[in-house]
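# Descriptive structure summary
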Amino acid sequence: MPGIFITLEGIDGSGKSTQARLLADALQAEGRDVIFTREPGGSPGAEEIRRLLVEGDPGRWSAETEILLFFAARRDHVERTILPALEHGAIVICDRFTDSTRIYQGTARADLRKTVDALHDLMIPLNPDHTLIIDMDADAALARGLARKSGEDRFEDLGNDFARATRKGYLQLAQDYPDRCHLIDGNRAIEVVHADILTLIQRLLA
Ligand code: TMP
């Protein structure tokens, strides 16, 4: 594949989406062909599925049903947005990807990591080249996420223990995939984190 696929991961409120946007803007300003996208969503069909997933009661779906909905959205996103962009040689920056399902549904909500990995292998024909994991204190991140009152708080509403379990899951993920995963300290000012990320990505792209 001629393009480069970069994903950003982290717990809710970690600043990951802000950092993904800043990275995309900085690379675009260097004259690079960049597509910025997100999950769940990133294609018209997947954005429709997103509403089913991020709104409403925390108990609305079982972990198993959630996994299937996330993969339905992901498959559409990959087919219609990510693969065409990578085939054209773009840098695709994606706010969350399968690692979120590995951690949220496969580790923190339930013990379903093998199911998530099996579905990924069956349905998703690519892996990120680089994954930036924005690590942050779970209680501070949750407070920040909830303060946004975005109306998309289904997972934030699962509370502090859930936020701590997702953080722990991401720290383990960085050890499971050391070649592609880069742990970034998100407990710092936005501009400092951004500068760190940009230096890292410029080095990896060089
Ligand atoms: P966002 O707030 O980063 O846009 O993500 C929406 C929510 O969906 C967030 O609480 C994390 C959750 N999520 C999962 O639980 N599993 C997944 O596979 C993805 C992509 C997101």
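For the structure, check the block above.
Below or above, wherever it landed, is the structure these notes cover. This one's a predicted model, so the numbers in the text were calculated from it and none came from an experiment.

### What to know about the site of the ligand
Close to the ligand lie 14 residues, the nearest being Asp-12, Arg-50, Arg-96, Thr-101 and Gln-105. Side-chain polar atom of Thr-101 to an oxygen atom of the ligand: 2.5 Å apart, as the coordinates give it. The pocket occupied by the ligand, as judged from atoms lying within 2 Å of grid points, is the largest pocket. Secondary-structure elements contributing two or more residues to the shell around the ligand are α2 (44-54), α3 (63-87) and α4 (98-109).

### Some words on unusual backbone geometry
With an omega dihedral of -10°, the bond running from Glu-39 to Pro-40 counts as a cis peptide bond. Even without being a glycine, Arg-96 presents a positive backbone phi close to 80°. Structurally, Arg-96 is set in the loop between β3 (91-95) and α4. With a relative accessible area of 10%, Arg-96 lands in the buried category. For Lys-149, which is not glycine, the phi torsion reads 45° and is therefore positive. Residue placement: Lys-149 occurs in the loop between α6 (138-147) and α7 (160-176). Looking at Lys-149, the relative accessible area reads 69%, which means it is exposed.

Rules behind the numbers
Along every chain, residues carry numbers that run from 1 in the direction the sequence is written. At least 70 in pLDDT is required for a residue's local features to be given in this predicted model, at least 80 for side-chain atom pairs to be given and counted, and no such filter applies to totals for whole chains, interfaces and linings, which use all residues. Only hydrogens and water are removed before side-chain values are computed, so all heavy atoms of the structure are retained for them. Note on terminology: near, applied to a residue and a molecule or strand, indicates that one of the residue's heavy atoms is within 4 Å of it. The term polar contact refers here to a pair of N or O atoms within 3.5 Å; inside protein, the definition further demands a hydrogen-donor-capable atom paired with an acceptor-capable atom, and it admits residues adjacent in sequence only when both atoms are side-chain atoms. The definitions used throughout rest on a 1 Å grid laid over the protein atoms alone, on which a cavity is an enclosed set of points accommodating a 1.4 Å probe that cannot get out and a pocket is an open set flanked by protein within 12 Å on both sides along at least five of seven lines; lining residues are those having an atom within 4 Å of a point. Here the criterion for a molecule occupying a pocket or cavity is that more than half of its atoms lie within 2 Å of the pocket grid points. Strands here are runs of E lasting at least two residues and helices are runs of H or I lasting at least four, both read from the DSSP assignment and numbered beginning at the N terminus. Type-normalised accessible area, obtained with a 1.4 Å probe on protein chains alone, sets the label of each residue: buried when under 20%, exposed when over 50%, and partly exposed for intermediate values.

Structural measurements only, silent on function.
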